Structure formats: C-alpha cells, structure tokens
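One-letter residues, chain by chain:
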Amino acid sequence: MDEEKEEEREEEKKDKPDRKPILALGLLLVSLAVLIIIFFTGGEREKVRRLAQVSVPKAAPAAAEPTARRTVTLFFLSDNDDLLHGETREIAAGPSAADEAERALAELIKGSTGGLVSPLPAEARVRQVFITKDGVAYVDFGREIMEKFSYGSSSELAAVYSVVDTMAYNFKSIKRVAILVEGTEKETLGGHIDLTQPFPPDYSIVAK
Amino acid sequence: MDKKHRPSLSCFLLTSLLVAAFAAAPASSEPGVRARAEAKKLRTVVIDPGHGGMELGAKGKYGHLEKDITLAIALKLKALIEKNLAFGVVLTRDKDVDVPVENRAAVANNVKADLFISIHTNGSRQKAAEGSETFFLSSGQTPDEETRRLAYLENNGSRIEDHVDKPSESDVKMILWDMAQTAYIRQSSQLADLIQAELNSLLGTRNRGIKQAPFKVLTGVACPAVLIEAAFISNPNEERKLATDEFQTSVAEAIFRGLSKYLQIYP
C-alpha cells in the first residue's frame, strides 16, 4: 500500500512540474495580450490627439480659401541652347513654403508642357522639403534620382541647378539649397557635382 | 602601349613615386624624407580617368560608357607625358575599378602632385548637345564665405602643403584639404584655357569654352587642377567618334599640348 501511495505521490510530483510551464505560458500570453491591447489603444488615442491638435489651426484657413492657388516658375532645359528656361505652373497654395516647394518640385519632375527638356529623370521623387530658419532648403529625394539615370557633367549640372534655381526663385525664404538622397548627404548624384555644400542659386545659366 | 620602349624607366618612376607616397603620408614631418623628396625634385602629373567600376558615368546610345573611354584616353596621355616630359605620371586608376571621388584628390596630394588632370566625356539630356569644354573649380559658395576662405589662406601662408603635412593637426589638415583648390584657381583657369585651345584645334568639336563648376573631384586637390569634358557620349555622332582609337589619341594629344604650353609659363 505504501509503495502505491508513494507511486501516486511521485505521479503527482511528475504532474505538478508538467502543469507549471503551461500555467506560466498562459500567464505570459494573457499579460502579452493585455500589453498589446494597451499598446494599440494607447497609440490610437495619441494619434487622435495629435491629429486633433494639428487639424484645428489647419481647418480655419482651409475653410476660408479652399482653392487658393499660386503661380511658380519651373526651370527646364531647351534643345537650342545650354540655358535653363522658365515655365510657369499653377500649384495649390500653402499652408507652408515647404509644402508649396514640394508641389513645385513634383511639377518640375513631371516635365515641361511646352516642349522643353526635363532636367530630372521622370522616376525621381521628392520625399520631403525642409526649410531652416537661416534659409537653407533641404530637398530630400528618393534613391531614384541617382539610380534611374547615368549622369554626365552637363546633365548633372542641369539636374542640380534646375532644382536649386526653382527653389530660390519662387520662395523668398530660401537662400540656398542642399540636396539629400534618402535622407542622407551624398557626395554627388553621379560622380561630378559636389552635394556636400548647399548651393546658392545661379541665374547666369537662366535664359533672359 | 608606346611606353614599352622604355618600360624600365617608367616602372622605376612609378615605383619610386608610390614608395614616396606611402612614406610621405605618415612620416612626412621627418626631415630625412623631406630632404630626399626635395633632392629628387621629381615632378608629378596625376591623371584621373573619370568614374570606373560600378560607377559608369554617362552612357551612349550605342552602349559605350564614359568610364571606358576616359581610361583609354588617360593611358594614352600617360604614355605621351612619360615619353616627352621630365614628369612622373600617377593614375588614380589604371583599370576598371571603383575609386571614391575623395580618394582621387588624396592620391594627388599624397604624391605631392604638381598638376591634376581629370578626364571625362560629357552627357546631357539634350540629344543634340555637342562639343568639348574644360572646367576648373567654383566652390559653389556665397561670396562672403569665399572671401573669408581667401583671407584665411592669405593669413596662413600660400603653400598649403606645409600645413597639410603636420599629422598632429588632423583637424586643420581636413579643413585645409577641403579648401585646397581655392589657392590654385588662377593657375587652374590658365591650364584650362590652354588645354581648351588645343581641344578646339585638334578635335574640331564645338568650342564650349572654359567654365567653373563645383566638381567634387577638384575641391580637395592642392595643385592646379582641371576637368576636361571631351565631346558628348550622349550625342550619337560624338559617341561614335569617342569610341575610335584615333579620336582618343587626339584628345590625349590636345591635353598634352596644352599641358606643355602651361609648363612654358610655369616651368
């Protein structure tokens, strides 16, 4: 009888350690689920709050002038000379100069409507424009601007200065333009023009 | 391949230059090395064939690549200089390999180059673009910064190398290398002018003149430096020319003649 009892106890002992990890796992899963719920609900609440904060000041001017437009001058190449030629475009205005700058660059990439030559590869994409207080515009392109074209000196100069002049010509707050690719500083687009310094505009290469 | 006439001499020149380059970098403040370098008075041209390796440069309609043509011209120019001038020649690359842009200037500064010549063929998105041009550096900075740089240089002596050499002042070294080319702008423009004149008469390509642009490869070079754009590989007519041995030889010859004329002014 004693032996049997001992065997039973032993079996109980065996059972207990078997259950423990299952319990622990269950507890872990539950706490994980709780954490996940907290994480997502907490995150959403914050998002909502942020959106609410931003949308309050945004809503007022947007309601007052729902279709505000402004004219910008974009710089393209011509087949007849080596100069940049201006072409005007209507873009949506505001709210910030950086927003307008992004729209102007998107139009520049789309290309000319008047038979001029596009200085940027059609696949190029602007990720963001950021304008500092001291007037440097950081134009951040996606990798396409480097990968979708093999630049010579002329095409690289044209690509850089079409962006630089388009920015500085249309936006008073922009004095110099720095070109980034995928958020980082690159030496050059294709082995020629130094991108490590911001460019002042060069209107000597613009047709009169 | 003309240099096969005197391979032993050019080999000796190259090896001694390379040895000098490696010795000069870490221990140039050592008086012995300096004295030896002075005594040798070996003058050096650094030729930089544009692009290379993964970096193709401009592409032609018929598939010719800028990196291949620049290397072919550079090898021809090297042979011409070694045959006719008392100069050593160092190439920033002698085969199809990647060389980071800043390393090209470093090669020139490490061998204490007397002249730096970067060879390119042009590319444009305008199909009809044609002709040859020679660039020298514009820093692309505001006039204010330019003035400050020049003032700094004047206050700190004209021979930049004297400052660059001191290994203890690594910060100063970086700054000075960064603005190294600024001190040589006038000589660089003269060299550009003389080479451009020869390109016009020998190649018969459209004269696009001499120009300034902020070329990365030129910024750190501490000696007169130019960048030649011989014809447009993006223009099918000029691409066909660029691919011929005859045209490549003419480009090398034109650069060589411009260089020789420059050396008559600055012997």
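Residues numbered from 1 in each chain as written. Chains lettered and ligands numbered in written order. Predicted model: local features only at pLDDT ≥ 70, side-chain atom pairs only at ≥ 80, totals over all residues.

**Q** Please explain the overall build of chain A as it appears in this structure.
**A** When its secondary structure is counted, chain A shows four helices and six strands. Overall, chain A shows an N-to-C arrangement of helices and strands of α-β-β-α-β-β-α-α-β-β. (Helix = DSSP H or I, 4+ residues; strand = E, 2+ residues; numbered from the N terminus.)

**Q** Even after reading the chapter, I still don't get helix α8 (residues 185–203) of chain B, so can you show me in this structure?
**A** Residues three or four positions apart in an α-helix share a direction because the helix packs 3.6 residues into each turn. Residue and element names in this part refer to chain B. Taking 1.5 Å per residue, 19 residues should reach 27 Å; α8 reaches 26 Å between its end C-alpha atoms and fits that length. Those residues of α8 that fall on the buried side of the exposure criterion are Ser188, Leu191, Ala192, Leu194, Ile195, Gln196, Glu198, Leu199, Leu202 and Leu203. Where α8 is buried, its residues touch β4 (132–137), β5 (207–213), β6 (225–232) and α11 (245–265). Gly204 sits one or two residues past α8 and shows a positive phi near 70 degrees. (Expected span 1.5 Å × (residues − 1). Buried ≥ 20, exposed ≤ 12 C-beta atoms within 10 Å, placed from the backbone. Contact = placed C-beta atoms within 7 Å.)

**Q** What exactly am I supposed to notice about the sheet that holds strand β3 (residues 126–131) of chain A here?
**A** The strands making up a sheet associate through backbone hydrogen bonding, with each pair oriented either parallel or antiparallel. All names here are of chain A. One open sheet accounts for four strands, arranged β3-β4-β5-β6; its pairing is mixed. Edge positions in the open sheet fall to β3 and β6 (184–185), since each of these has one partner strand only. As paired elements, strand β4 (residues 136–141) and strand β5 (residues 176–181) share six bridges and run parallel to each other. Following the sheet pairing, Val136 is matched in β5 by Arg176. (Pairing = 2+ DSSP bridges.)

**Q** Hey, could you run me through helix α4 (residues 101–110) of chain B in this one?
**A** Residue and element names in this part refer to chain B. Turning to α4, its buried residues are Val101, Arg104, Ala105, Ala108 and Asn109. Looking down the long axis of α4, one finds its buried residues gathered within 135 degrees of arc, a one-sided arrangement. Directly beyond the C-terminal end of α4, a positive phi value near 50 degrees is found at Lys112. (Arc of directions from axis to C-beta.)

**Q** Looking at this structure, how should I read the interface of chain A and chain B?
**A** How big an interface is tends to be stated in terms of the accessible area lost upon association of its parts. Contacts between the two partners involve 22 residues from chain A and, on the opposite side, 28 residues from chain B. In terms of residue count, helix α4 (residues 153–170) of chain A provides more of the side of chain A that touches chain B than any other element does, five residues in total. The residue makeup of the side of chain A that touches chain B, split by class, is nine nonpolar, 10 polar and three charged. (Nonpolar A, V, L, I, M, F, W, Y, C, P; charged D, E, K, R; others polar.)

**Q** Would you mind showing me how to read unusual backbone geometry here?
**A** Peptide bonds are mostly trans, and most non-glycine residues show a negative phi. With an omega dihedral of -5 degrees, the bond running from A:Gly94 to A:Pro95 counts as a cis peptide bond. Of note, A:Pro95 is situated in the loop between β2 (84–92) and α2 (97–110). At B:Lys112, a residue that is not glycine, the phi angle is positive and equals roughly 50 degrees. Take B:Lys112: it is sitting in the loop between α4 and β3 (115–122). A positive phi angle, near 60 degrees, is found at B:Ala231, a position not held by glycine. Among the secondary structure elements, B:Ala231 is positioned in strand β6. What makes B:Ala231 buried here is the crowd of 25 C-beta atoms within 10 Å.

**Q** Just checking my understanding: could you explain the environment of A:Leu83 for this structure?
**A** Residues and elements named next belong to chain A. Structurally, Leu83 can be placed in the loop between β1 (69–77) and β2. Given 14 C-beta atoms within 10 Å, Leu83 falls into the partly exposed group. Considering only alpha carbons, one finds Leu83 and Ile36, 47 residues apart in sequence, at a separation of 59 Å.

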